[in-house]
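Structural characterization, general
These are the residues of each chain, in order.
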Amino acid sequence: MRDVNAVLAAPRGRRFCWEVASVSDEDITSVMFDASAQPDDERAISSLAAALRRVDPQSTGALPEQTVTECLADAVALAWYWREPHPEDVLLAHPEVVAALAPLAESLLASDATRWWDEPVDLADQRFVQWLGEYATSPPELSGSRARLERSRTEAVAAEQEASRKLPTDPRANISGVWWSTPPSDGLAHTSRARPWLGAMQLLLTEDDAGWEHARVWPLRPTRDVRVFEITGPDSWAALVEAYPLRLTASRRHDWWRTTSADTEWFIPDWAAVANDYDAVHLTMVGYLTTPGTAVPVNGGATVLAGWNPDETYWLSDVLEPAGEPVEWERRDTGRSHDEWRPVPPGSQRPTRSSTARAPEDGRMPSTYRDPQP
């Protein structure tokens, strides 16, 4: 039995449930819009809770997988770990609203649309997404993982030392910088599974999405048996950090205080050390709903899972090889509430937008460096 309370205790889980509710009842969107202008007003909170209670849980549980995943995509796109929570997320954390979301969460977690969401990595079905056009990324690099991890740790330690010397210890200072806790995304393969209607989950489910419209999806497979660590929730994430701790308080303090309101010592996994014992680390879909964006307690402080997409696997060892030819996909406006990703027919690939712009170091988009204030 999936833990509904764990989903509702986490900002991405609550947001996902609300996004599904808004598809089931369009009036909820206008109620949320009015309430978010005054998120501390008790009448606004009660109005939102009442609107959610009017949604039939059976209707949400009967939604098709594609619709439910598109709702999750909206929750993923609005994840940010460098600023204060969105007013809508503040509203969704109110106990009265959480109670109203509970029947919807129970129905969703028991539905056919989410039946595989707590499954481990599907080693027979892994896809790497290479973004095309503006902020283009590179094809998958299948060698050099160890050197990249060692270099990333050296850079992180150096940045932490510099931040300790130069940055104020007051977490309220208007400073923003590095906010993610994933392995380095440049130079390491990171993959997700395909679905019958989608070339790779990452096409839809990408935090801090830069609005890409064109991608090349590469099928990959392991060349041998692999050791995979599964992040299934806050407890497993904390266990990983505690087993391989890397203290980065000064460089994470200001961003993570804004997003969690916690002022503590901050840790992430030492990914070079993790690679000694594991070839890959996978975040399950339910793990995503329950873990990111909160201050997860660990020995000596806390940690935040930030920048990791649902069902995403980071590969820490050189264990992958191509499993077929890449396929191009494009985002199309279908007139529905959500755009759809569709494969580009062979021989009719459209040219990508001309641009010399590249993603910043570590593959992160420019929005990670914007002013953290609303």
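Please read these numbers as outputs of a predicted model, since none were measured by experiment. (Residues numbered from 1 in each chain as written. Predicted model: local features only at pLDDT ≥ 70, side-chain atom pairs only at ≥ 80, totals over all residues. Heavy atoms only, no water.)

**Focus on the overall build of the chain**
Here is the rule: Going along the chain from the N terminus, every DSSP run of H or I of four or more residues is numbered as a helix, and every run of E of two or more is numbered as a strand. For the radius of gyration, the atoms used are the C-alpha atoms, and the globule rule reads 2.2 Å times the number of residues raised to 0.38. Only protein chains enter the accessibility calculation, which uses a 1.4 Å probe; a residue whose area is less than 20% of its type maximum is buried, one above 50% is exposed, and one in between is partly exposed. The contact criterion used is simple: two residues touch if any of their non-hydrogen atoms lie within 4.5 Å. All accessible-area figures derive from a Shrake-Rupley calculation using a 1.4 Å probe, and residue coverage is judged against the displayed protein chains alone. Charge convention: Lys and Arg are scored as positive, Asp and Glu as negative, and His as well as the terminal groups of each chain are ignored. Note on charges: their place is set at NZ of Lys, CZ of Arg, CG of Asp or CD of Glu.
Regarding its fold elements, the chain presents 14 helices and 13 strands. Its C-alpha atoms give the chain a radius of gyration of 20 Å, near enough to 21 Å, the size a compact globule of 374 residues would have. A buried classification covers 55% of the 374 residues belonging to the chain. Sequence separation of 24 or more characterises 83% of the internal contacts of the chain that already satisfy a separation of 6 or more. Accessible surface, the chain: about 15800 Å² in total, of which carbon and sulfur atoms supply 49%. Computed over 36 positive and 58 negative side-chain charges, the separation of the two mean positions in the chain equals 4 Å.

**Considerations on the side chain of Thr249**
Within the fold, Thr249 resides in helix 12 (residues 249–260). Accessibility expressed as a relative area gives 0% for Thr249, which makes it buried. For Thr249, the contacting residues outside a window of four places in its chain are Glu160, Thr264, Glu265 and Trp266.

**Topic: the pairing of strand 12 (residues 327–332)**
The condition that has to hold: Each pair of strands is called paired provided DSSP finds at least two bridges between the two strands.
In this structure, strand 3 (residues 214–222) lies alongside strand 12, joined through 4 bridges in antiparallel fashion. Across the sheet, Arg216 pairs through a bridge with Glu328, a residue of strand 12.

**Focus: helix 2 (residues 11–24)**
The cut-off we apply is this: Expected helix span is computed as 1.5 Å times (number of residues minus one).
Between the first and last C-alpha of helix 2 there are 20 Å, a value that for 14 residues agrees with the 20 Å anticipated at 1.5 Å per step. Counting buried residues along helix 2, 12 of its 14 residues qualify, which places the element largely inside the surrounding structure. Of all the positions in helix 2, only Pro11, Arg12, Gly13, Arg14, Arg15, Phe16, Cys17, Trp18, Glu19, Val20, Ala21 and Ser22 are classed as buried.

**Things to note about empty space enclosed by the protein**
Counted only if it meets this: In this analysis the probe radius is 1.4 Å and the grid spacing 1 Å, with only protein atoms considered; a cavity is a set of points the probe fits into but cannot get out of, a pocket is an open set with protein on both sides within 12 Å along at least five of seven lines, and lining residues have an atom within 4 Å of a point. Grid points are joined across faces, edges and corners, and a volume is the space filled by probe spheres set on the points. Residues are grouped as follows: Ala, Val, Leu, Ile, Met, Phe, Trp, Tyr, Cys and Pro are nonpolar; Asp, Glu, Lys and Arg are charged; all remaining types, including Gly, are polar.
For the coordinates displayed, the defined rule picks out 1 cavity of 30 Å³ or more. The computed volume of the largest cavity comes to approximately 40 Å³. Lining the largest cavity, in full, are Glu141, Leu142, Ser143, Ser145, Ala189, Trp315, Ser317, Asp318, Val319 and Leu320. Partitioning the lining of the largest cavity into residue classes produces 5 nonpolar, 3 polar and 2 charged.

**As for the pattern of salt bridges**
Heads up, the condition is: Throughout this description, the term salt bridge denotes a Lys or Arg side-chain nitrogen within 4 Å of a carboxyl oxygen of Asp or Glu.
Here the structure, examined in full by the defined rule, presents 26 salt bridges. Arg153 is the salt-bridge partner of Asp270, the closest N and O atoms lying 2.9 Å from each other. Here Asp270, found in the loop between strand 6 (267–269) and helix 13 (271–274), pairs with Arg153, found in helix 9 (residues 145–166); they are 117 residues apart in sequence, far enough to count as distant. A relative accessible area of 10% means that Asp270 is categorised as buried. What makes Arg153 partly exposed here is its relative accessible area of 27%.

**Quick notes on the nonpolar core**
Test applied: Think of a nonpolar core as a cluster: buried Ala, Val, Leu, Ile, Met, Phe, Trp, Tyr and Cys residues, connected wherever their side-chain atoms sit within 4.5 Å.
One finds Phe16, Leu52, Leu203 and Trp271 to be the most contacted residues of the largest nonpolar core, which totals 96 residues. When neighbours within four sequence positions are excluded, Leu52 is seen to be in contact with Trp18, Ala21, Ile28, Val97, Ala100, Leu101 and Leu104. By size, the runner-up hydrophobic cluster in this structure holds 8 residues, among which are Phe128, Val226, Ala280 and Val319.

**Overview of the packing of helix 9 against helix 12**
The line we're drawing: Between N-to-C directions, angles span 0 to 180 degrees; the directions come from axes that are lines fitted to C-alpha atoms, helices contributing only their stretch in contact. Oblique is the label for any angle not under 35 degrees, not over 145, and not in the 65 to 115 range, which are roughly parallel, roughly antiparallel and roughly perpendicular in turn.
Running from N to C, helix 9 and helix 12 cross one another at 70 degrees; their axes reach a closest spacing of 7 Å. Here helix 9 lies roughly perpendicular to helix 12, going by the angle between them. Of helix 12, the residues touching helix 9 (which contributes Glu160, Ala163 and Ser164) are Thr249, Ala250 and Ser251. For the contact of helix 9 with helix 12, a count of residues per class yields 2 nonpolar, 3 polar and 1 charged.

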